[in-house]
Structure formats: structure tokens, C-alpha cells
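Read off the chains here:
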Amino acid sequence: DAFQGLAPLDANSLAGTDVGIALALDDTTLPTAPTVYLTNVGEGDRGEFFPPNTEAPAACNESDFSVLLPANENLKGAIVVNVVASPDEIPNAISPGNPTNSYGFIRFRATVD
């Protein structure tokens with residue numbers, strides 16, 4: 001809930017849920033601050049947090065990206081962000097900041113142990 005109360009929320013975000021992910025993308029300028037905030041739950045926006053000991057998407061399973069990460073192997077939790085929706089793509093950068101829409105960032109709060 002590191003970004004609770006900040007706006008704008010991503011499309012399909014469920015109001016009143018914890019907002020813990022910030023995403024910066026802009027096709028006209030290099031963003032220096034988040035441009036949209038994502039909730040932690042899988043209600044339809046582009047971000048989701050999978051708590052420890054819960055099943056996570058195959059993209060989180062480094063030993064086999066074709067099968068879900070079993071709950072007993074998700075020991076620290078996982079965050080998944082769909083940066084752009086298909087068929088959109090982020091273009092390769094030609095040089096730093098060129099094109100402007102080749103740059104962005106994702107922020108979330110984590111505990112290091």
C-alpha cells in the first residue's frame with residue numbers, strides 16, 4: 001500500500017483496494033514521476049502482488065516458465081506488471097531517451113531480509 005491515495009489509478013483498478021505499484025510510461029515525454037498507480041490485487045489492472053505461499057504465474061517460475069509457480073515455492077512473494085497490453089510494444093531505444101516512449105519504470109516497496 002506504498003502508494004495509497006495517489007492518482008490516477010490504472011484502468012480497471014478496484015477503488016478501495018491497496019495501491020502498491022507505481023508505473024511510469026509516457027509516449028510524449030520522459031517520465032520522472034509515476035504516470036499511473038496499480039493495485040496489489042488481480043482485479044483487472046496491469047499489476048498484481050502474489051503473497052508468499054500462494055500460486056504465482058508461470059512467468060515467476062524461473063525453473064520452468066511454462067508452468068505456474070507452486071505455492072510452496074513462492075517463498076518471498078511476487079509482483080507481476082503487464083507494462084503494455086498486446087499488441088502494443090515498447091520500442092527499442094536508439095539512444096538515451098530516444099524515442100521517449102522507450103523509457104519507463106516500475107516502483108514498489110519491498111522488505112529485504
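Remember, it's a predicted structure, so these values are computed and weren't measured experimentally.

(A) How the structure looks around the sheet that holds strand S1 (residues 19-25). The strand order across the open sheet built from three strands is S2-S1-S5, with neighbouring strands paired in antiparallel fashion. The sheet is open, and its two edges are formed by strand S2 (36-39) and strand S5 (104-108), each paired on a single side. Ignoring strand direction, the axes of neighbouring strands in this sheet form an average angle of 25°. Both S1 and S5 contribute to a ladder of five bridges, which runs antiparallel. Along S5, the bridge assignment pairs Leu-23 with Ile-106.

(B) Unusual backbone geometry, seen in detail. Following Ala-7, the chain continues into Pro-8 via a peptide bond in cis, with omega recorded as 10°. Within the secondary structure, Pro-8 sits in the segment before S1. We note that Asn-12 has phi near 70°; this positive angle belongs to a residue other than glycine. Note that Asn-12 resides in the segment before S1. Despite not being glycine, Asn-53 shows a phi value in the positive range, around 65°. Owing to a relative accessible area of 53%, Asn-53 belongs among the exposed residues under this scheme.

(C) Geometry of the environment of Leu-14. Within the secondary structure, Leu-14 sits in the segment before S1. Linking Leu-14 and Glu-43, residues 29 residues apart in sequence, is a C-alpha distance of 6.5 Å. Once residues lying within four places of it in the same chain are set aside, the contact partners of Leu-14 are Thr-39 and Glu-43.

Reading the values: rules and limits
- Residues numbered from 1 in each chain as written.
- Predicted model: local features only at pLDDT ≥ 70, side-chain atom pairs only at ≥ 80, totals over all residues.
- Heavy atoms only, no water.
- Pairing = 2+ DSSP bridges.
- Helix = DSSP H or I, 4+ residues; strand = E, 2+ residues; numbered from the N terminus.
- Axes fitted to C-alpha atoms, helices over the stretch in contact; angles between N-to-C directions.
- Buried < 20%, exposed > 50% of the residue type's maximum accessible area, 1.4 Å probe, protein only.
- Contact = heavy atoms within 4.5 Å.

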